Amino acid sequence: MSTAIWVIIAVIVVAALVTAAYLARNASRTRRLRQRFGPEYDRTVERAGGRAAAERELRSRERRHEELDLRDLDPTRREQYREQWLRVQERFVDAPDAAVEEADRLVTVVMSERGYPARGFEEKVAHLSVEHGRTMDHYRNAHAISGKAAAKQASTEDLRQAMVHYRALFEELLATPGEPTGHEAAAGTGRHRDDRTTRS
């Protein structure tokens, strides 16, 4: 074969290798983002109108997240917050609207102490989703019900569900690395007492 044909073959092979590497890199990035963000990945794809735009947004969240000075809670503070949650949960029986409002406030306080921005719901979601993506549906649902409650349009069952949703994120924020959150047990909010005794 002539030199020209060998050059053409070499160019085709190089182009194929480059394309394969590009596709493999994109597939790996997609898998990583899906694993990290969970349901938030699909939500972002839907909102952004496509995978490429969504992944740019999620990578931007990761870069901004890296700038945060995040910290774990010390055991004493963690236990204090858990006791506060129990008091909020107990208040639900007599004042569900007020309990949901306090639950939202308590979650925001814990966010702030952990080092997350505590203003602007979408900003909070953007930062939280990097490490708590699988819990963002809970947070979004709780926030939506809180809006209904403020407009006096939430039923008692809506409010109970809001407490369940808030607790899912609350438990994740309090958990130490590797510790199970146990937020599935929150489904008993307002109907079952925590096993621990609430301090006065």
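Coordinates for the structure precede this section.
Quick caveat, the model's predicted, so the values are computed rather than measured. Residue numbers here run from 1 along each chain, matching the order of that chain's written sequence. Residue-level local features of this predicted model are given only where pLDDT is at least 70; pairs of side-chain atoms are given and counted only at 80 or more, and the full residue set underlies all totals for whole chains, interfaces and linings. By convention in this description, side-chain values take in all heavy atoms of the structure and omit both hydrogens and water.

(A) The overall build of the chain, seen in detail. Helical segments are the DSSP runs of H or I of at least four residues, strand segments are the runs of E of at least two, and each set is numbered from the N terminus. The secondary structure content of the chain amounts to eight helices and zero strands. In sequence order, the secondary structure elements of the chain are arranged as α-α-α-α-α-α-α-α. Remark: exposure states derive from per-residue accessible area (1.4 Å probe, protein chains only) relative to the maximum for the residue type, with buried under 20%, exposed over 50%, and partly exposed in between. With 200 residues in all, the chain has 40% of them scored as buried. It only takes one pair of heavy atoms within 4.5 Å for two residues to be counted as in contact. Long-range contacts, defined as pairs at least 24 residues apart, comprise 67% of the intrachain contacts of the chain with a sequence gap of at least 6. In short, Shrake-Rupley with a 1.4 Å probe defines the accessible areas, and a residue's cover is counted only from the protein chains shown. Of the accessible surface of the chain, which amounts to about 11400 Å², a share of 53% is contributed by carbon and sulfur atoms.

(B) Fine view of the environment of Glu55. Along the chain, the position of Glu55 falls in helix α3 (residues 51–66). Among the residues examined, Glu55 registers a relative accessible area of 1% and is labelled buried. Separated by ten residues in sequence, Glu55 and Val45 have C-alpha atoms that sit 7.7 Å apart. Discounting chain neighbours no more than four positions away, the residues touching Glu55 are Arg29, Thr30, Leu33 and Tyr41.

(C) Up close: a nonpolar patch on the surface. A surface patch of nonpolar side chains, amounting to about 470 Å² of accessible area, comprises Ile5, Trp6, Ile9, Val13 and Leu17. Take Leu17: it is sitting in helix α1 (residues 3–37). Patches in this entry comprise residues that are over 30% relatively accessible and not in a salt bridge; like charges within 9 Å are linked, as are nonpolar side chains (Val, Leu, Ile, Met, Phe, Trp, Tyr) within 5 Å. One side-chain nitrogen of Lys or Arg within 4 Å of one carboxyl oxygen of Asp or Glu is enough to make a salt bridge.

(D) Structural context of the environment of Ala54. Checked against the element boundaries, Ala54 lands in helix α3. In this structure, the C-alpha to C-alpha distance between Ala54 and Asp42, residues twelve residues apart in sequence, is 8.6 Å. Residues in contact with Ala54, not counting those within four places in the same chain, are Thr44, Val45 and Ala48.

Structural measurements only, silent on function.
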